[in-house]
There are 2 protein chains.
Amino acid sequence: MSDMLNEKTRASAWFRELRNEIVTAFEGLEDAFGGDEPAGRFEITETTRQSDDGSDAGGGLMSVMRGGRVFEKVGVNISTVYGTLGIRAQAAMAARKGLEGMAEDPRFWAAGISLVAHMQNPHSPAVHMNTRMFWTPHGWWFGGGSDLNPCIEYAEDTAHFHSVQKEHCDKHGTEHYQRLKDWADEYFYIPHRNRARGVGGIFLDDHNTGDWEADFGFIQDIGRAFLPAFVPLTEKRMAQPWGEVEKDKQLVHRGLYAEYNLVYDRGTKFGLETGHDANAVLMSLPPMAKWV
Amino acid sequence: MSDMLNEKTRASAWFRELRNEIVTAFEGLEDAFGGDEPAGRFEITETTRQSDDGSDAGGGLMSVMRGGRVFEKVGVNISTVYGTLGIRAQAAMAARKGLEGMAEDPRFWAAGISLVAHMQNPHSPAVHMNTRMFWTPHGWWFGGGSDLNPCIEYAEDTAHFHSVQKEHCDKHGTEHYQRLKDWADEYFYIPHRNRARGVGGIFLDDHNTGDWEADFGFIQDIGRAFLPAFVPLTEKRMAQPWGEVEKDKQLVHRGLYAEYNLVYDRGTKFGLETGHDANAVLMSLPPMAKWV
């Protein structure tokens, strides 16, 4: 397997470009909301990954907006990390992917964008999006997805979110959307609560058709689907009246979201186990949550 | 290995007795606090464990007090569960304990008490206590511990908590306390935050000296240490004045507590994986928590 330096550079650059578009759009929503409170703005922090031996291990850019008019807390992380996988991560990856040679050459490289938005208005759905490229000397793949997490569900919002995902998947053939939707239903399921964490979306992992260019185009389109799938829902709901009953629903739903992320989420586990900045990995956790 | 029916019955009965003492003491603290708000009372629910094949799998008693004068949320669970371990739990247990024959005869039985208290007053420390007996045809053991989780640390409170633990451990020989304290420091550590979740306590697992009677006496004394270690701290702090700054510290500290329980806690993982009522397993989660 080649080092794929060119591909890695292009993937990293794309995740950064997508991050910039999203950050601009979200600050635009804060401005559009109006009112006397100041419009929310992102705070930006460089993050670093610690390697056990102190060698350069990569890092990223964490952008968090807290206490905005529209967004109660939203984080948009990008990172490019590399090094060697520890024994446990090697074993987990070798087992999951059937990769040979991980123990002999445990190098890895990964880049991605990860986003979670928790909204002020309980009618306005929370959302998650993440796409990434993973490389080892024994294989590369893309993964990611996007799912909608309303605490008060509106069928028309769910339909809009899914239709935009479908439209973007369909550019690469009509066989993808249903498979990725089903995969999201399975992946974003909370077994111990016997329920989905939200109303679904799309998810894929281990994506490698052998054609990097085509697969990269597909992962880019999953990223491009995000703003048109999400922003219109925010515009529709962000000023809808709400009271304490709705806020309470939202806080309890966020507890469920935190449970999912801490117990099951693959990216969270990988991030914590490989020593990335915990504040960046756990930026997805809600600003405030409730358990009854 | 015998079925140890007599020992199982005695252990189960002890956990219930300890639960009754604690519930009475905690409702007494609610009464003692006084004031116009009603004194908090426990709500009691029978919980059941689901086995895959629908056979009897045990259950327990979940006692939760919410919104009291002293306790914002406190749960005291007892349970006695049994059945056969699934493939994953078998493998995990065989690997951790070096047990042979788990795959051929994967029966298990476990009983225990588990308690977490989240307090109204941020000066009043949160606390956790859990003791349990575990049986398989291939071996039995006791485990558990107790640790103090203040968001505002007072050296004198920490010293009192530890001295009562030591006194009870010392009844069984002076060699135990330091080992159990060190074990708690290791066990209640949050690697991704590079910090302890609280100010420690005691912890042990896989405790089997070959003398069930002596080991049961030891686990009973760990249980008996709980009220004298914790109640005086509550009495001292429950009426201490506090403001928004302290409450905020408490909410953030609870976020840390939730992280620990969902990512690392052995009992939580075991409970969720073996199908016990999720509300009972996750009763330890804070009523409200915050992530910045």
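The rules behind these values
- Residues numbered from 1 in each chain as written.
- Chains lettered and ligands numbered in written order.
- Predicted model: local features only at pLDDT ≥ 70, side-chain atom pairs only at ≥ 80, totals over all residues.
- Heavy atoms only, no water.
- UniProt positions renumbered as here; feature names shortened; annotations may be inferred.
- Contact = heavy atoms within 4.5 Å.
- Buried area = accessible area lost by both parts, 1.4 Å probe.
- Polar contact = N/O pair within 3.5 Å; in protein donor to acceptor, adjacent residues only side chain to side chain.
- Helix = DSSP H or I, 4+ residues; strand = E, 2+ residues; numbered from the N terminus.
- Nonpolar A, V, L, I, M, F, W, Y, C, P; charged D, E, K, R; others polar.
- Pairing = 2+ DSSP bridges.
- Buried < 20%, exposed > 50% of the residue type's maximum accessible area, 1.4 Å probe, protein only.
- Axes fitted to C-alpha atoms, helices over the stretch in contact; angles between N-to-C directions.

- As recorded in an unreviewed UniProt entry, chain A goes by the name coproporphyrinogen oxidase, listed as coming from Lentibacter algarum.
- In its Subunit (unreviewed entry) section, the UniProt entry covering chain A states "Homodimer."

1. Some words on the interface of chain A and chain B
Okay, step 1: At the interface, 22 residues of chain A touch 22 residues of chain B.
Okay, step 2: Note on chain A versus chain B: buried area summed over both sides is about 1,900 Å², and carbon and sulfur give 64% of it.
Okay, step 3: If you look at where chain A meets chain B, you find 6 residue pairs in polar contact (both at pLDDT 80 or more).
Okay, step 4: Looking at the side of chain A that touches chain B, the elements with two or more residues in it are α6 (244-263), α7 (266-273), α8 (278-281) and β10 (288-290) of chain A.
Okay, step 5: Considering every element that reaches the side of chain A that touches chain B, the biggest residue donor is α6(A), with 5 residues.
Okay, step 6: For the side of chain A that touches chain B, the class distribution of residues is 14 nonpolar, 2 polar and 6 charged.
Okay, step 7: In the sheet, β10(A) pairs with strand β10 (residues 288-290) of chain B via 3 bridges, with the strands oriented antiparallel.

2. Re the environment of Arg16(A)
Okay, step 1: The topology assignment puts Arg16(A) in helix α1 (residues 5-33).
Okay, step 2: Considering only alpha carbons, one finds Arg16(A) and Ser79(A), 63 residues apart in sequence, at a separation of 8.8 Å.

3. What to know about the pairing of strand β4 (residues 107-119) of chain B
Residues and elements named next belong to chain B.
Okay, step 1: Most of β4 sits inside the fold, with 11 of its 13 residues counted as buried.
Okay, step 2: Across 9 bridges, the pairing between β4 and strand β5 (residues 126-136) is antiparallel. Note that in β5 the partner of alanine 117 across the bridge is valine 127.
Okay, step 3: The antiparallel pairing of β4 with β5 creates a hairpin that spans 6 residues between the two strands.

4. Let's talk about the sheet that holds strand β9 (residues 201-207) of chain A
Residue and element names in this part refer to chain A.
Okay, step 1: Strand order in the open sheet formed by 7 strands is β1-β2-β3-β4-β5-β6-β9, and the pairing between neighbours is antiparallel. One side of each edge strand has no neighbouring strand; the edge strands of this open sheet are β1 (43-48) and β9. Between one strand and the next, the sheet's axes are offset by a mean angle of 10 degrees, whatever the strand orientation.
Okay, step 2: Where strand β5 (residues 126-136) and strand β6 (residues 139-149) come together, 11 bridges link them in antiparallel fashion. Residue pairing for β6: alanine 126 is matched across the bridge by asparagine 149.
Okay, step 3: Sitting on the sheet, helix α3 (residues 155-170) is in contact with β5, β6 and β9, with an inclination near 155 degrees to β6.

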